[in-house]
Amino acid sequence: MGRRKSQKIVKTGPKNVTTGMCPLCQTIGRIFIIGHVGEERAKCPACNQEFDL
């Protein structure tokens, strides 16, 4: 019997999240990108405000 190799779990987060700084509350962390391609806006989860990229 051969050795059974376990599959490595690759954890991927949501695709619409990036890391950056909120210009409104100056928090560095996750920024959610919302909107359609070409007219994206960003939302800060710390201050719950939307702003242009």
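Whatever comes next refers back to the structure up there.
*Asks:* Mind laying out the overall build of the chain, listing which residues take part and the relevant values?
*Replies:* Check the secondary structure of the chain and you find zero helices and four strands. Mapped from its N terminus to its C terminus, the chain presents α and β elements in the order β-β-β-β. A sequence separation of at least 24 residues applies to 11% of the contacts in the chain between residues at least 6 apart. When the accessible surface of the chain is totalled, it reaches about 5,000 Å², and 52% of it is carbon and sulfur. Across the chain, 9 positive and 4 negative side-chain charges occur, with their mean positions spaced 27 Å apart.

*Asks:* Break down the pattern of salt bridges for me, with residues and values.
*Replies:* Applying the stated criterion across every chain yields a total of two salt bridges. For arginine 41, the salt bridge goes to glutamate 50, with nearest N and O atoms at 3.4 Å. Among the ionic pairs, arginine 41 bridges to aspartate 52, the shortest N-O distance being 2.5 Å. With arginine 41 in strand 3 (residues 41-43) and aspartate 52 in strand 4 (residues 50-52), the pair connects residues that are 11 residues apart, well separated along the chain. Judged by relative accessible area, aspartate 52 falls into the exposed class, the value being 55%. One connected set of salt bridges, linked through shared partners, spans Arg41, Glu50 and Asp52.

Criteria and thresholds
- Sequence order sets the numbering: in each chain, residues are counted from 1 along the sequence as written.
- For a predicted model such as this one, the threshold for reporting local features is a pLDDT of at least 70, and the threshold for listing and counting side-chain atom pairs is 80 or more; totals across whole chains, interfaces and linings nevertheless cover every residue.
- Values reported for side chains reflect all heavy atoms of the structure, with hydrogen atoms and water molecules removed beforehand.
- Under the scheme used here, helices are H or I runs from DSSP no shorter than 4 residues and strands are E runs no shorter than 2 residues, and both carry numbers assigned from the N terminus.
- Any pair of residues with heavy atoms lying within 4.5 Å of one another is described as a contacting pair.
- Only the protein chains shown count as cover for residues, and all accessible areas are computed by the Shrake-Rupley method using a 1.4 Å probe.
- The charge count includes Lys and Arg as positive and Asp and Glu as negative, but it does not include His or the ends of the chains.
- One atom stands in for each charge, and that atom is NZ of Lys, CZ of Arg, CG of Asp or CD of Glu.
- Any Lys or Arg side-chain nitrogen found within 4 Å of a carboxyl oxygen on Asp or Glu counts as a salt bridge.
- With a 1.4 Å probe rolled over the protein chains alone, any residue whose accessible area is under 20% of its type maximum counts as buried; one over 50% counts as exposed, and the rest are partly exposed.

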